[in-house]
There are 4 protein chains.
Amino acid sequence: MSKKFAVRFIGPDRKGLMASLTQLMFGCGCNILSSAQYVSDDGMFFQRLSIDFSGLFSGADNRAALESSIENLARQFEMDSWDISYNADPHRVGILVSKIDHCLWDLLVRHANGELKCEIPFIISNHTDLKYIADQFGIPFFHLPMEPEKFGGDKVKAKAAQEAKIETLIEKHGADTLVMARYMQVLSDAFCDRHASHTINIHHSFLPAFEGAKPYHRAKERGVKLIGATAHYATAKLDMGPIIVQDVAPVSHRDTVKDMVRKGKDVERVALARALRYHLESRVLVHDGRTVVFD
Amino acid sequence: MSKKFAVRFIGPDRKGLMASLTQLMFGCGCNILSSAQYVSDDGMFFQRLSIDFSGLFSGADNRAALESSIENLARQFEMDSWDISYNADPHRVGILVSKIDHCLWDLLVRHANGELKCEIPFIISNHTDLKYIADQFGIPFFHLPMEPEKFGGDKVKAKAAQEAKIETLIEKHGADTLVMARYMQVLSDAFCDRHASHTINIHHSFLPAFEGAKPYHRAKERGVKLIGATAHYATAKLDMGPIIVQDVAPVSHRDTVKDMVRKGKDVERVALARALRYHLESRVLVHDGRTVVFD
Amino acid sequence: MSKKFAVRFIGPDRKGLMASLTQLMFGCGCNILSSAQYVSDDGMFFQRLSIDFSGLFSGADNRAALESSIENLARQFEMDSWDISYNADPHRVGILVSKIDHCLWDLLVRHANGELKCEIPFIISNHTDLKYIADQFGIPFFHLPMEPEKFGGDKVKAKAAQEAKIETLIEKHGADTLVMARYMQVLSDAFCDRHASHTINIHHSFLPAFEGAKPYHRAKERGVKLIGATAHYATAKLDMGPIIVQDVAPVSHRDTVKDMVRKGKDVERVALARALRYHLESRVLVHDGRTVVFD
Amino acid sequence: MSKKFAVRFIGPDRKGLMASLTQLMFGCGCNILSSAQYVSDDGMFFQRLSIDFSGLFSGADNRAALESSIENLARQFEMDSWDISYNADPHRVGILVSKIDHCLWDLLVRHANGELKCEIPFIISNHTDLKYIADQFGIPFFHLPMEPEKFGGDKVKAKAAQEAKIETLIEKHGADTLVMARYMQVLSDAFCDRHASHTINIHHSFLPAFEGAKPYHRAKERGVKLIGATAHYATAKLDMGPIIVQDVAPVSHRDTVKDMVRKGKDVERVALARALRYHLESRVLVHDGRTVVFD
């Protein structure tokens, strides 16, 4: 496990790019375990390579050399971006929750079972309701309430202050990924922009249907026959971020809003967990407000 | 087959209603084959009974007597509405199409196979492209083009004139149900109101997402991971009618709009056929812009 | 909640049965909240009524009177069986587990969230691995290992002894339902027969495919494109019991057995929870090795 | 379209293989449109490349040169097998049917709509029932009945004689693919072996459940809650061939065998069409009784 990495490239499609890429990996003693590639209609090139570099020449795990040669190639072929993630350095995922617990339970049980290869340095909530769950799994829980009263009722300032504390925790614990596991707060645009493409939110509807509040109530009102959930990267524009995973469940006239909420929970937790998993394995490439998911 | 009927009731829930209903059926020698009942949160009562009346007293198929006694009971319990449909009198379904053929093929093949218990007196189109399909199944095809040029370019008048011709055909052939099998025209409000609750439309998206034009293009643009189709009763408000059936299919970044259209076709035809089937079997009760579907 | 019950009937279809049933309920001041009925091809009648008896005559909750009048009617119409369950008396569900934890976690979290209306008096396991989970939810955990060594290596006697202890706990805690949440032991025929129709097992395949051991390994071996799970009532014949719920998930050649196990977990827990829910709400009627599920 | 091809490789995984492959394509002026690769647990390498060779050096479409250089590389890396298929040379698909028509209708409508990029030189049936459908689409229909009476009642000889006629038609029309669209005959082992990996059969159950005859009857008998269909390559061992596509549909106790047949039709036709599409696009690689499907 410790001698593997995933490398990703996004950029304009160029002849010979793949040949050079695979040559480079072969040349420096890396073995390609899997390769996924996609060229969009508008000529953008997306590549993910899973690499075993245990045979890296000189035997040593010479990351710097490897990365600089990749950098050179990326520059030569004018890639827009590339990145590398080593299995030896698992992601550090911070979780944001409010009072709803099913997604938190689900993530922590999967993590405890080794389904999610990451570390969870902290759980943050604006309420204390779910602290007992964090405690059961021995994960640090931080209560960061909104306190407009401390700012003369100014909610914007209160949110800014609270988010500043979140930033401090992210910094301190070196979190590189955030999961909003039914975190009922809308993050500020500034925060979203800072954490674009590594903050995963679960919305309890089949986007773009029922963006915003109370989707199940509106689903009942409209009389739809399916409900859904959408895991997407959070962006300043609410519920407009790049979609990673979506799924649905059938409902009928017999289902009350309460039934929809119950049935929806199963869709939400599975969609969120699958999206996080894809993210942790560097399978999600974001471009132009959409995702390429190499599953 | 010839001695069965389905009877439906909608109205405020009343104590003893079911008891009286079942008593009535028993009393006049009818055998209840199946019974479905639903009471909504706001106290509305929905009932569908499937009845074998071969044992109807006096042995004779005395429809009038039967219906008047049901009418009395419905009045006694202040039902909002009730109706009866006899298997011996299959629905007469008129089909509206434009140039897209997959739903038409599907309906006609199912009909030929006896999957859809109805008669299809006519197929109407504003184009002649699909006439050859109607001919293959020996179903009368009527070409009713939009002819604004005949009305000094006035499209509203042209539509009114064309819809008048549709009404004439409906009248002449005694059609009680209309199916818009990807009929790309928006029907006038007046027409929709006249044919409310017996005109089924198939929309090629998961409503309320992507109402209106080019849903697959917008689905691609948004980057959704599922596409869908919705069969609903047509109403004056475009794509806002009571939903009967919805289904979805997974898509990925690899799917072009053309792929989505192709994959969507399978969802559309199955959703439309299932919705029509429910309608033909009197399984769909409409109330307050939503449906109760007793499947 | 406290003044509702569900009553179920199974027997040969008889004219006037429904009329008498609904009359009876009406007559004794009960209000029918919902009614589901089904007559099989071979003329068996299945009925479930959900009843509000707060208006029961004399105002009193006169269960005995109610039940005797139902008994009379059932006898009159020669029903094979009927039963009644009062919401005021929730089911008492004992859980059997071994070492695999995902179904146990799922049931306990749902129970804690009020999704499963029942009491869980005990969790039994032949191992101690999952005791810590029971502890977290404050549910008594009993470790009942198989101890062939105490019986000169006789496994049958060891199983009999262990099952006797299970019986004692069932007796003592008044459990009326058992859930085998991935309990890896095969129960004796005698035990299964004693607890037929109230012991729910989850099998990790789409039955009748891959009955018995290691279904995921065999699924990989066969190269299927879907995996599944089946929640059914346990019977002496392994994996042959009446099926309550089945569901599937797509897999591809890329999925290793380990991936299938992971993906299968989500199907297993949802199928088991849904089946238990149906059982708790008296929605499952068993006849001739199959179920009628009024969902 | 005319200047594209797909090339596939199967063999033991070898270091540098991908690098050499991509180099080769780049070297001879080919542009890699997409690349899919998979290495199985037991070290087998599966590769599919979609190539634009309009820029093939010397500008000429020099297939021979291209193929020989691929052959050399395949030999150098000891590939078990490789093949190439040019979009300019669409597959020629012969269809086998009996009396059941839904899959035939579906394939012909899709073909007419350009959904299936192939030619259909002939339709063969042991009955004449479906000739009228072939006629509607102007596709030659050949009636090849089983005639044991001509062989003193010897069914084996009769089948051999009929299959010989099929072989003659395959030969004459240069068919490279066969589709058994609910062809109710069991092909001889010899025939299956000759046409392994290019004869697609649709079985109306979720294999390995309900192999053989009357799967829907047995599904009803067992009381399953889902029915399915499996598209697979035909092999001498009935219903044991490599699976390409599987799908399911929910059923309940209310569904009679006839209902299951009806619902199953929609699953069958979509599964068969998808499998054929994958086959036509060279997306299916067969190894060790299983398939790798690069969708």
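About the criteria used
Residues numbered from 1 in each chain as written. Chains lettered and ligands numbered in written order. Predicted model: local features only at pLDDT ≥ 70, side-chain atom pairs only at ≥ 80, totals over all residues. Heavy atoms only, no water. Helix = DSSP H or I, 4+ residues; strand = E, 2+ residues; numbered from the N terminus. Buried < 20%, exposed > 50% of the residue type's maximum accessible area, 1.4 Å probe, protein only. Contact = heavy atoms within 4.5 Å. Buried area = accessible area lost by both parts, 1.4 Å probe. Polar contact = N/O pair within 3.5 Å; in protein donor to acceptor, adjacent residues only side chain to side chain. Nonpolar A, V, L, I, M, F, W, Y, C, P; charged D, E, K, R; others polar. Least-squares fit on C-alpha atoms with pLDDT ≥ 70 in both. Phe/Tyr/Trp six-rings, centres within 6.5 Å; stacked < 30°, edge-to-face > 60°.

Okay, unusual backbone geometry next. In this chain, B:Leu207 is followed by B:Pro208 through a cis amide linkage whose omega measures 10 degrees. With respect to the helices and strands, the residue B:Pro208 is situated in the loop between strand E9 (199-203) and helix H7 (215-222). Positive phi outside glycine occurs at A:Phe210, with the angle close to 55 degrees. Mapped onto the elements of the fold, A:Phe210 is located in the loop between strand E9 (199-203) and helix H7 (215-222). Phi is positive for D:Asp288, close to 60 degrees, though the residue is something other than glycine. For D:Asp288, the location among the structural elements is in the loop between strand E12 (284-287) and strand E13 (290-293). With a relative accessible area of 53%, D:Asp288 lands in the exposed category.

This paragraph deals with the interface of chain C and chain B. The interface is formed by 16 residues belonging to chain C together with 16 residues belonging to chain B. Across the chain C to chain B interface the summed buried area is about 1,500 Å²; carbon plus sulfur atoms make up 55%. The largest share of the area that chain C buries against chain B comes from C:Lys15, C:Phe26 and C:Gln37, three residues that together contribute 30% of it. Between chain C and chain B we count 3 residue pairs in polar contact (both at pLDDT 80 or more) in total. Of all elements in the fold, only helix H1 (17-27) and strand E2 (31-39) of chain C reach the threshold of two or more residues within the side of chain C that touches chain B. Of all the elements, E2(C) adds the most residues to the side of chain C that touches chain B, at 7 residues. Of the residues contributing to the side of chain C that touches chain B, the split by class is 6 nonpolar, 8 polar and 2 charged.

As for its position among the elements, B:Thr291 is in strand E13 (residues 290-293). Side-chain polar atoms of B:Thr291 contact the side chain of A:Lys225, separated by 3.0 Å. Here the side chain of B:Thr291 touches B:Ile243 through a polar contact of 2.6 Å, landing on its backbone oxygen. When residues no more than four places from it in sequence are discounted, the contact partners of B:Thr291 are A:Lys225, A:His253, B:Tyr233, B:Pro242, B:Ile243, B:Ile244, B:Val284, B:Leu285 and B:Val286.

We now examine the relation of the copies chain C and chain B. Rotating chain C by 180 degrees and translating it 0.0 Å along the rotation axis places it on chain B, where the RMSD comes to 0.0 Å. Viewed as a symmetry operation, the transformation between the two copies matches a two-fold axis. A symmetric contact is evident, with 100% of the interface residues of chain C recurring at the interface of chain B.

Our next topic: the packing of aromatic side chains. Counted according to the given criterion, the structure contains 36 aromatic pairs over all chains. The interplanar angle of 25 degrees and the centroid separation of 5.3 Å between the aromatic rings of A:Trp105 and C:Phe137 together place this pair among those described as stacked. Of this pair, A:Trp105 sits in helix H3 (residues 102-112) while C:Phe137 sits in the loop between helix H4 (131-136) and strand E7 (141-143), which puts the two residues in different chains. We note that A:Trp105, like C:Phe137, is buried. Consider the rings of C:Phe9 and C:Trp82, whose centres lie 6.4 Å apart with planes at 20 degrees: the pair is stacked. Linking C:Phe9 in strand E1 (residues 4-12) with C:Trp82 in strand E4 (residues 81-86), this pair joins segments that are 73 residues apart in sequence. Taking the relative accessible area as the measure of exposure, C:Trp82 reaches 21% and is therefore partly exposed. Of the aromatic side chains, those joined through ring pairs into one cluster are A:Trp105, A:Tyr132, A:Phe137, C:Trp105, C:Tyr132 and C:Phe137.

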